[in-house]
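Coordinates in review
Spelled out from the first residue to the last, the chains are:
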Amino acid sequence: MRLGYNRVHRLPHGYFGWRAAHSSGEDVQETLPQLTVGDFFPSCHLVLLSYSRDKDYLQIQHDEKTFSLEDIQSEYILIELYNEYCHQCLKEVKEYKAFYALLTEDSFLHNQVKIMGIGVGSKKRQVAKFRKQQTIDFPLFEKDCSRSIRSYKKQKGATGEGSISGERKGRLVLIMACENILKKKNGG
Amino acid sequence: MTKHLMSLILSLSLLFAGIALAKEMPLWWEQAEAEAGREGYDLITLEELESLYQADRDFMILDVRPDYEYKRGHLPKAANLEFHLGERLTLDPVKRKEFEKLLGSDKDRTIVIYCRSFR
């Protein structure tokens, strides 16, 4: 990005470097809520990008282009919050894909657990491109609600980097890494 | 003899200065400098920024983290406009206008940008 400014400086230490060097300043107390087991999932509306394909997979009954998590006809939803520039996320995508394949083969679980991804900081076109490049079969969505989710602290001690699993009606039941789910599935 | 002695003193001075500088600079500094060279901006240290604040000069300080992080704490007088890594390649025209409005028309104004950390 070039905007034509001649005296642009970057403070590479960033906010945390400054904060480490200055205990005062305009800091405010952290007041973020913490997502814990049993909490309600933050309200979330998403836009279907691959309309028919994703609508069928998520078993959404209405014909609108936007939907909320409550519209998904499965008991559990596993959501990956990813960023396409995050190496850990790319690694996790492979695990999600493997888990999706396992679910697809299981006639019972296929309808009980649905997987979807939300591109943090990504727009529709980027999400579509990422899905194609990574050959991801489960639905991906642009950021819409990722900010509200990111505004929550994760459960203390949770192992997941960005995985949130919740009941369809919105009550958060579990936060865990897909890697661990795969291990459990494989009897590890 | 005097000439050799002066050379030795100068060499030792440079060596100690180098060691002192290496102690002050974080390990990633060279990488940050290389990135700054590629992207066409300069780096500013914490001490230099402190001097800017103390000199009370007109400069813009911009926090490019998401707004909810900014609200939790930010540098003094910092404005906030989120900038994603993906926007390094393509910047939406609406967002470009937002940046230009915030930064102002003076292209020689000193602008200091920061995010979470270098990593």
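Residues numbered from 1 in each chain as written. Chains lettered and ligands numbered in written order. Predicted model: local features only at pLDDT ≥ 70, side-chain atom pairs only at ≥ 80, totals over all residues. Heavy atoms only, no water.

1. Remarks on the packing of helix α1 (residues 14-21) of chain A against helix α3 (residues 46-55) of chain B
When two helices pack together, you describe them by how their axes are tilted relative to each other and by the distance separating the axes. Inclusion rule: For every element, the axis is a line fit to its C-alpha atoms; helices are fit only across the contacting stretch, and the angle between N-to-C directions ranges from 0 to 180 degrees. Runs of E in the DSSP output that reach at least two residues are strands. Runs of H or I that reach at least four are helices, and both are numbered from the N terminus. Here the word oblique covers every angle except those under 35 degrees (roughly parallel), over 145 (roughly antiparallel) and from 65 to 115 (roughly perpendicular). Any pair of residues with heavy atoms lying within 4.5 Å of one another is described as a contacting pair. Three categories are distinguished: nonpolar for Ala, Val, Leu, Ile, Met, Phe, Trp, Tyr, Cys and Pro, charged for Asp, Glu, Lys and Arg, and polar for the others, with Gly belonging to the last.
It is the contact of α1(A) with α3(B), at a shortest axis distance of 11 Å, that shows an interaxial angle of 75 degrees. The angle between α1(A) and α3(B) falls in the class roughly perpendicular. Of α3(B), the residues touching α1(A) (which contributes A:Gly17, A:Trp18 and A:Ala21) are B:Leu46, B:Leu49, B:Glu50 and B:Tyr53. Considering only residue class, the contact of α1(A) with α3(B) consists of five nonpolar, one polar and one charged.

2. Details of the interface of chain A and chain B
Quoted interface sizes are often the accessible area lost when the parts come together. Just so we agree on the cut-off: As used here, buried area is the combined drop in accessible area, with a 1.4 Å probe, of two parts when they are placed together. By convention in these notes, a salt bridge is any Lys or Arg side-chain nitrogen within 4 Å of a carboxyl oxygen on Asp or Glu. Here a polar contact means two N or O atoms within 3.5 Å. Within protein one must be a hydrogen donor candidate and the other an acceptor candidate, and residues neighboring in sequence count only if both atoms are side-chain atoms.
Counting residues at the interface gives 33 residues for chain A, matched by 56 residues for chain B. Interface of chain A and chain B: buried area, both sides summed, is about 4,200 Å²; carbon and sulfur atoms make up 56% of it. Put simply, B:Glu35 and A:Arg10 hold a salt bridge, and the shortest N to O gap is 3.2 Å. Counting every contact that joins chain A to chain B gives 17 residue pairs in polar contact (both at pLDDT 80 or more). Considering every element that reaches the side of chain A that touches chain B, the biggest residue donor is α1(A), with six residues.

3. Remarks on the nonpolar core
The cut-off we apply is this: Throughout this description, the term nonpolar core refers to a set of buried Ala, Val, Leu, Ile, Met, Phe, Trp, Tyr and Cys residues connected via side-chain atoms within 4.5 Å. Exposure classes here rest on a 1.4 Å probe applied to the protein chains alone. A residue is buried below 20% of its type maximum, exposed above 50%, and partly exposed in between.
Within the largest apolar cluster, 30 residues are counted, with the highest numbers of intra-cluster contacts made by A:Phe67, A:Ile115 and A:Met116. Among the secondary structure elements, those contributing two or more residues to this core are α2 (51-58), β4 (76-82), α3 (87-105), β5 (113-119), α5 (124-133) and β6 (140-141) of chain A. Per-element accounting of this core gives the leading share, six residues, to α3(A). Setting aside residues up to four positions removed in sequence, A:Met116 forms contacts with A:Leu46, A:Leu69, A:Ile72, A:Ile77, A:Leu78, A:Ile79, A:Glu80, A:Phe138, A:Pro139 and A:Phe141. Counting 19 residues, the second largest nonpolar core, distinct from the first, contains B:Trp29, B:Ala36, B:Leu62 and B:Phe99.

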